[in-house]
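Spelled out from the first residue to the last, the chains are:
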Amino acid sequence: MQSSNQQPEGVSMAFHFQQILGSCLSYNKARFHLTCISSFFSAFPFSTLNGFSDSSKMEPSFDQINNQSDVDERRVLSELSDLFQFSYSNTTIPNPYKESYPVKQIESRAVDEFLLPEEKLRGIFLQKLRGKTAIERALSNVSVELSVDIIAKVVNTGNLGGEAMVLFFNWAIKQPGIPRDIHSYYIITKALGRRKFFKFMIEILHDMVKEGVKPDLETLSIVMDSFIRARRVHKALEMFENLEELGLKRDTESLNVLLQCLCRRAHVGAANSLFNAVGGKIKFNCVTYNIMISGWSKLGRVSEMERILKALIADGFTPDCSTFSYLIEGLGRAGRIDDAIEIFYHMKEKGCIPDTRVYNAMISNFISIGNFDECMKYYKGLFDSNSDPDLDTYTKLISAFLKAQKVADALEIFEEMLDQGILPTTGSLTSFIEPLCSYGPPHAAMMVYKKARRFGCKISLSAYKLLLMRLSRFGKCGMLLNLWEDMQESGHTSDMEVYECVINGLCNIGHLENAVLVMEEALHKGFCPSRVIYRKLNNKLLVSNEVEKAYKLFLKIKDARRNENARRYWRANGWHF
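What this report covers is the structure whose coordinates are included nearby. (Residues numbered from 1 in each chain as written. Predicted model: local features only at pLDDT ≥ 70, side-chain atom pairs only at ≥ 80, totals over all residues. Heavy atoms only, no water.)

### Remarks on the overall build of the protein chain
- A tally of regular secondary structure across the protein chain gives 31 helices and 0 strands.
- Per-residue burial for the protein chain yields a buried fraction of 42% across its 577 residues.
- A separation threshold of at least 6 residues defines the contact pool for the protein chain, and within that pool the share at least 24 residues apart is 65%.
- Carbon and sulfur atoms provide 53% of the accessible area of the protein chain, an area that totals close to 31,700 Å². (Helix = DSSP H or I, 4+ residues; strand = E, 2+ residues; numbered from the N terminus. Buried < 20%, exposed > 50% of the residue type's maximum accessible area, 1.4 Å probe, protein only. Contact = heavy atoms within 4.5 Å. Areas by Shrake-Rupley, 256 points an atom, 1.4 Å probe, with all protein chains shown as cover.)

### A short note on the pattern of salt bridges
- The final tally for this structure, using the stated rule, is 20 salt bridges.
- In this structure, Arg180 engages Glu211 in a salt bridge whose closest nitrogen and oxygen atoms are separated by 3.4 Å. Taken together, the residues span a long stretch of sequence, with Arg180 in the loop between α9 (162-172) and α10 (182-194) and Glu211 in the loop between α11 (198-210) and α12 (217-229) at a distance of 31 residues.
- A relative accessible area of 37% means that Arg180 is categorised as partly exposed.
- On the basis of relative accessible area, Glu211 is assigned to the partly exposed category, the value being 44%.
- For Asp339, the salt bridge goes to Arg336, with nearest N and O atoms at 2.7 Å. (Salt bridge = Lys/Arg side-chain N within 4 Å of Asp/Glu carboxyl O.)

### Quick word on unusual backbone geometry
- Located in the positive-phi region is Ala266, a residue other than glycine, with phi close to 65°.
- The exposed category is assigned to Ala266, whose relative accessible area is 56%.
- Despite not being glycine, Asn545 shows a phi value in the positive range, around 65°.
- Along the chain, Asn545 turns up in the loop between α30 (531-543) and α31 (547-572).

### Describing the environment of Ala452
- Residue position: Ala452 is located in helix α25 (residues 443-454).
- Looking at Ala452, the relative accessible area reads 0%, which means it is buried.
- In the structure, Ala452 is positioned 34 residues away from Leu418 in sequence and 8.1 Å away in space, judged by C-alpha atoms.
- The residues touching Ala452, leaving out its near neighbours within four places in the chain, are Phe414, Leu429, Cys457 and Ile459.

### Some details on helix α27 (residues 477-489)
- Taking 1.5 Å of rise per residue, the 13 residues of α27 would be expected to cover 18 Å, and the 18 Å separating its terminal C-alpha atoms lies within 8% of that figure.
- Taken as a whole, α27 has its buried residues at Cys477, Leu480, Leu483, Trp484 and Met487. Here the buried residues of α27 occupy an arc of 115° about the axis, which is enough to place them on one side.
- In the core, the buried residues of α27 are packed alongside α25, α26 (461-473), α28 (496-508) and α29 (512-524).
- Gly491 occupies a position one or two residues after α27 and carries a positive phi of about 105°. (Expected span 1.5 Å × (residues − 1). Arc of directions from axis to C-beta.)

In structure tokens:
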């Protein structure tokens, strides 16, 4: 007969496991602070702006500590059961707190809801799963509505390896709603080539052929440009020799693609050697000669341009506007502006009416020597010749005026561009705002921003940051807060750099309480400010005799820095899943 003190075997093992787990938890509590506790403090009763609370109310009793430790153990056991897919029965370990935490299991399932869809999918590869089947099963279990855009974000950002990118793409194209066409293969081919995973890029090309998706000239351009950008010209030439393996022909169109990639990356010598080697074997067209002239024009090699031009005429082709635009551009790079002007008027005499590209070449030549009067002369000549300026025309003029700090002229051209119905791209608009934020007050930059926004142009996050920095430096906090609100309405999320601009501006005008509130909001969202901004705000508080606020803010910053270091480690190991 067993003694009354002896316990059943299952309960003894469970108690022993609880003891081990309790010691681990106490060790972790001493070393780390849970981020989920320290992040809920801004704009609440525990805000820095409130006075110190009674310390007796903040210290838990001994019974509360024991109860909390027991609860924490059981909540961790619940999470371990979800992670390792085992269950523990309530008879073995009684759980009187089961009804007290009904939401915890739901929260453990949605622990990665703060991540973007592409981050969730990339995070699968951080878990170091073994085997293709396990990885594909984990990808299928991610709650994401897969689309072509999400596939592009997964492979174009992050630090996935070539094998992981191919594995993910092969899984993605099997999913419903994802087309298995040439456009989907553009994404993975370009992503692999950009990161120099050439072995996997070639495998994808062969997989395309096996799947019945025939590569086209765009695919060839992506592959050739990837090799040439990595300075592996011989690989591009070898691929051109073996195009039949991919179902393509070594004809004029494929030759033009290779020559265009070589000339775009300044490998004009290699392009010229290929041009001479295939002469007589592959038939040339006018585009072939124009590509070679454009390559030499970028280097200002007038003699080589003249040689190609003579060959073009000897082959029975007539120079067109593209040919003359490249010739004029090359003469300008060689410093022979007078010869470029002569060719411009000579083509008029021959009955070849200059188009927008020719006028853009003349404008570029005069921009290079700083003659803005002649630039405006040819700009107005565009309208006289019944040609319309394009985005390239306005971008060249506005950038040149801004570089020369002729802000009034740049704003006038910018207004004309918008009136013509030509909207700048996001990158062009950022390039206009950047120099305006490097000199003088932010008035002109804000004018460009407001006009672009009124016409429906998309403003980049970089442009918003430039404007916020400039407004913060000049203490324009009213405009800064309005701009910050516009930025959030346009769909951009605030990062730590944005918060630092706002805090810096508020500190410059002495609005310390608002600066503390913004700092707390940043901390609440998981951001940790730089030491420069925190030191500036802390010194301002101390000078204003706000020692209590400064001390409470110091405690929160201390927790935020510790949590940030922990999050970095977690993300590096995929623990956020």
